[in-house]
Amino acid sequence: MPLVLQFGLVHISTGDLLRAEVSTGSEIGNKAKEFMNAGQLVPDEIVTAMVTARLSHEDAKTKGWLLDGYPRSFAQAQSLENLKIRPDVYVVLDVPDEILIDRCVGRRLDPETGKIYHLTNFPPETEEIKARLVPRPDDTEEKVKSRLEIYKQNAKAILSTYANITKKIDGNRPKEMVFADIESLLSQAKREKMKKTTAVKPVHEHKSQSNQASSSQDNWKGIPTRLNNIPHSREIRNYFYDDVLQATQRAVNDGRTRLKVEINIPELNPEMDVYRIGTLMELVRVIALSFADDGKRVKVCVQGSMGEGALAGMPLQLAGTRRILEFMDWGDYGAKGTFVEIGSIGANEVDEQDDMFILVAPQNAVGNCIIDDMKAMTDAAGTRPVILINPRLKDLPGSSGIMQTMGRDKRLEYAASFENCYFFRLLYYAGTQYPIMGALRMTYPYGYELYKRVDVPSGGEKYVILSTFTEKPSSDDINDAFLGKPRNREKKASGFWGFLSSVF
Ligand code: AMP
């Protein structure tokens, strides 16, 4: 398994990012191309802007990252230092020059799969693949030698910045052995990081003043336990449906019109392979029927489900969703067809008689940005409430593997125009889904509540409140609360292991 998968990291390779820019013919790509083809380094400001943009993405901040091919100059290393972005380990693979030159000169790329071969060390599996392999333009002997010289100078320049975290590994061995060494280095770094962060002060089951928020909520019974057991019991599901419903009703009754529910219990977390569409649909039904009971006409909308927009862009998890909605039991009073309608996402769906809209897990899919359809729809909805259930509106890589940047600010601004009326997420240690470290919960109009999961001596577990926040806390705020540190310390980007695993 690749290291990044094994450790739950984001792989950031400047060479790959640059090649993607070159292949799309972007402005950056056109600038970088000459340097790359000549085997020279691309100017620092181009590469640094690209890397820091990528590092500022939420996934990199929370999961941690593996930087590949960066920093390659003193200035690049300093740029990271200035941003307080520090790796935990700096791995140097030590390989004699002649071996490196041979590895590059014999290297071939499969343009169809992106897989990298070597003519003698790792030959292609079939003649067909062999026939389509291409060398990298900068892999000629002459260019490799020049790259190696530049590399040596730069490696020396970087040495001082990372001297105390540098780990040298003999790279002139079978790749399994090299891999095993890197793996053990990273595991060790991870253990050390965990040790530091789990040295948590004893938890006091305090009732802070700000905790009044939870006690003032109707029927709130505390976070259910055994949340790593999937499928969740009916009781657990009902707890969450009810929790979401109350918060959503409070927000709508307060006249809020652009709302989002983000609930990431394990069976509703799209990053996990147990994503249960049935649970999502039940949640949607509870909310829709409750508003319908109040006499509102609710339209439940699924992306692409009626062929509007690009059907091809429909996210995998939503396949078949509309069918499920159609076949669901919508109560004895025939709410569906009168008070509850099912439709798709887009301006055409907004009818005069609709009172509110529930959008089921709208998300950007590769090659299809849902935001334009949503924007048209919310414009048409005017002051009527639009509630997003588990939206995923972050930028996705385009098919070229890089983020599409055109209109990005507008898209992000639009996505941010929806306020959370409900948020629930389990917190884990980096790269793991077990054990559960705690939970973060917010229900409108109250703040964010941070809970720690503790084992109870008699067996079982419970969640105790650690802290509350008026705004959504960052990973650092959460880490600090778990460590018992005071608030508002200087903000730092997460290091190699964002302590928390994919929090937001
Ligand atoms: P790689 O795939 O890492 O060997 O990178 C291929 C080419 O991309 C290099 O020869 C450089 O021209 C360019 N490049 C990659 N990373 C950097 C960097 N950090 N600084 C400058 N140029 C880079």
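Structure report, in brief. (Residues numbered from 1 in each chain as written. Predicted model: local features only at pLDDT ≥ 70, side-chain atom pairs only at ≥ 80, totals over all residues. Heavy atoms only, no water.)

1. Quick word on the packing of helix H4 (residues 44-55) against helix H6 (residues 74-82)
And then number 1: Two elements in contact, H4 and H6, have axes whose closest approach is 10 Å; the angle formed by their N-to-C orientations is 30°. One element, H4, and the other, H6, form an angle in the roughly parallel class. Crossing of H4 over H6 shows right-handed handedness. Together, Asp44, Val47, Thr48 and Leu55 of H4 and Ala75, Gln76, Ser79 and Leu80 of H6 make up the contact between the two elements.
And then number 2: By residue class, the composition of the contact of H4 with H6 is four nonpolar, three polar and one charged. (Axes fitted to C-alpha atoms, helices over the stretch in contact; angles between N-to-C directions. Helix = DSSP H or I, 4+ residues; strand = E, 2+ residues; numbered from the N terminus. Parallel < 35°, antiparallel > 145°, perpendicular 65-115°, else oblique. Left-handed = near helix turned anticlockwise from the far one by under 90°. Contact = heavy atoms within 4.5 Å. Nonpolar A, V, L, I, M, F, W, Y, C, P; charged D, E, K, R; others polar.)

2. So, the pattern of salt bridges
Pairing is possible between side chains of opposite charge, provided their charged atoms come close.
And then number 1: Applying the stated criterion across every chain, the model contains 28 salt bridges.
And then number 2: A salt bridge links glutamate 349 to lysine 299; the nearest nitrogen and oxygen atoms lie 3.9 Å apart. In this pair, glutamate 349 sits in the loop between strand E9 (340-344) and strand E10 (356-360) while lysine 299 sits in strand E8 (residues 298-302), placing the two residues 50 residues apart along the sequence. Exposure class is identical for glutamate 349 and lysine 299. Each is buried.
And then number 3: Of the charged contacts, one joins glutamate 449 and arginine 441 as a salt bridge, the two residues approaching to 2.9 Å between their closest N and O atoms.
And then number 4: Of the residues examined, glutamate 449 reaches a relative accessible area of 2% and is grouped as buried.
And then number 5: Arginine 441 sits in the buried class, given a relative accessible area of 0%.
And then number 6: Where salt bridges share partners, they join Arg107, Arg136, Asp138, Asp139 and Arg147 into one cluster. (Salt bridge = Lys/Arg side-chain N within 4 Å of Asp/Glu carboxyl O. Buried < 20%, exposed > 50% of the residue type's maximum accessible area, 1.4 Å probe, protein only.)

3. Some points on the site of the ligand
And then number 1: Among the 16 residues in the neighbourhood of the ligand, the closest are listed as Thr14, Arg19, Gln40, Gly69 and Gln76.
And then number 2: Between the ligand and glutamine 40, the relevant distance is 2.6 Å, taken from an oxygen atom to a main-chain nitrogen or oxygen of the residue.
And then number 3: Contact distances for the ligand include 3.0 Å between an oxygen atom and a side-chain N or O atom of arginine 136.
And then number 4: For the ligand, whose unbound accessible area comes to 480 Å², protein coverage reaches 94%.
And then number 5: Counting residues per element, the shell around the ligand draws most heavily on helix H2 (residues 14-24), at four residues.
And then number 6: Of the residues in the shell around the ligand, the class split is six nonpolar, five polar and five charged. (Near = heavy atom within 4 Å. Polar contact = N/O pair within 3.5 Å; in protein donor to acceptor, adjacent residues only side chain to side chain. Areas by Shrake-Rupley, 256 points an atom, 1.4 Å probe, with all protein chains shown as cover.)

4. So, the nonpolar core
And then number 1: One finds Leu227, Phe240, Ile263, Ile389 and Phe424 to be the most contacted residues of the largest nonpolar core, which totals 52 residues.
And then number 2: Setting aside chain neighbours within four positions, we find phenylalanine 424 in contact with Ile223, Leu227, Phe240, Glu262, Ile263, Asn264, Ile265, Ala439, Leu440 and Arg441.
And then number 3: By size, the runner-up hydrophobic cluster in this structure holds 24 residues, among which are Leu18, Val42, Ile46 and Ile85. (Core = buried A, V, L, I, M, F, W, Y, C linked by side-chain atoms within 4.5 Å.)

5. Focus on the sheet that holds E10
And then number 1: One open sheet holds the nine strands; their spatial order is E9-E8-E10-E11-E7-E12-E13-E14-E15, and the pairing between them is mixed. Bordering the open sheet on either side are E9 and strand E15 (461-469), each of which pairs with just one other strand. If you compare each strand with its neighbour and ignore which way they point, the axes differ by 20° on average.
And then number 2: Here strand E7 (residues 258-264) pairs with strand E12 (residues 419-428) via six bridges, running parallel. Each bridged residue has a counterpart across the sheet, and for valine 261 the counterpart in E12 is tyrosine 422.
And then number 3: Against the sheet, helix H13 (residues 277-293) makes contact with E7, E8, E9, E10 and strand E11 (386-389), and its axis sits at roughly 175° relative to E10, the strand it touches most. (Pairing = 2+ DSSP bridges.)

6. Some remarks on the packing of aromatic side chains
And then number 1: Under the counting rule described, the total for this entry stands at six aromatic pairs.
And then number 2: When the ring of tyrosine 239 is compared with that of phenylalanine 240, the centres are 4.7 Å apart and the planes differ by 80°; the resulting orientation is edge-to-face.
And then number 3: Taking the centre distance of 4.8 Å and the plane angle of 65° together, the rings of phenylalanine 240 and phenylalanine 424 count as edge-to-face. Linking phenylalanine 240 in helix H12 (residues 234-253) with phenylalanine 424 in strand E12, this pair joins segments that are 184 residues apart in sequence. In this pair, the class of phenylalanine 240 matches that of phenylalanine 424, namely buried. (Phe/Tyr/Trp six-rings, centres within 6.5 Å; stacked < 30°, edge-to-face > 60°.)

7. Brief notes about unusual backbone geometry
And then number 1: Backbone torsion omega between isoleucine 230 and proline 231 reads 0°, so that peptide bond is classified as cis.
And then number 2: Tracing the sequence through the fold places proline 231 in the loop between helix H11 (212-215) and H12.
And then number 3: Of note, the amide linkage connecting tyrosine 444 to proline 445 takes the cis form, showing an omega dihedral of 0°.
And then number 4: Along the chain, proline 445 falls in the loop between strand E13 (436-443) and strand E14 (448-455).
And then number 5: Although it is not a glycine, arginine 226 adopts a positive phi angle of roughly 60°.
And then number 6: Summarising the element assignment, arginine 226 is placed in the loop between H11 and H12.
And then number 7: A positive phi angle is found at alanine 361, which is not glycine, with a value near 40°.
And then number 8: The residue alanine 361 is located in the loop between E10 and helix H15 (371-381) in this model.

8. Structural notes on the environment of threonine 468
And then number 1: Here threonine 468 lies in strand E15.
And then number 2: In the structure, threonine 468 is positioned 26 residues away from methionine 442 in sequence and 9.5 Å away in space, judged by C-alpha atoms.

9. Remarks on the packing of helix H7 (residues 97-105) against helix H9 (residues 141-162)
And then number 1: Closest axis-to-axis distance for the H7/H9 pair is 10 Å, and the angle between their directions is 130°. For the element pair H7 / H9, the angle class is oblique. In the packing of H7 onto H9, the handedness of the crossing is right-handed. Packed against H7, whose contacting residues are Asp97, Leu100, Ile101, Cys104 and Val105, the element H9 presents Glu141, Val144, Lys145, Leu148 and Lys152 at the interface.
And then number 2: For the contact of H7 with H9, the per-class residue count stands at six nonpolar, no polar and four charged.

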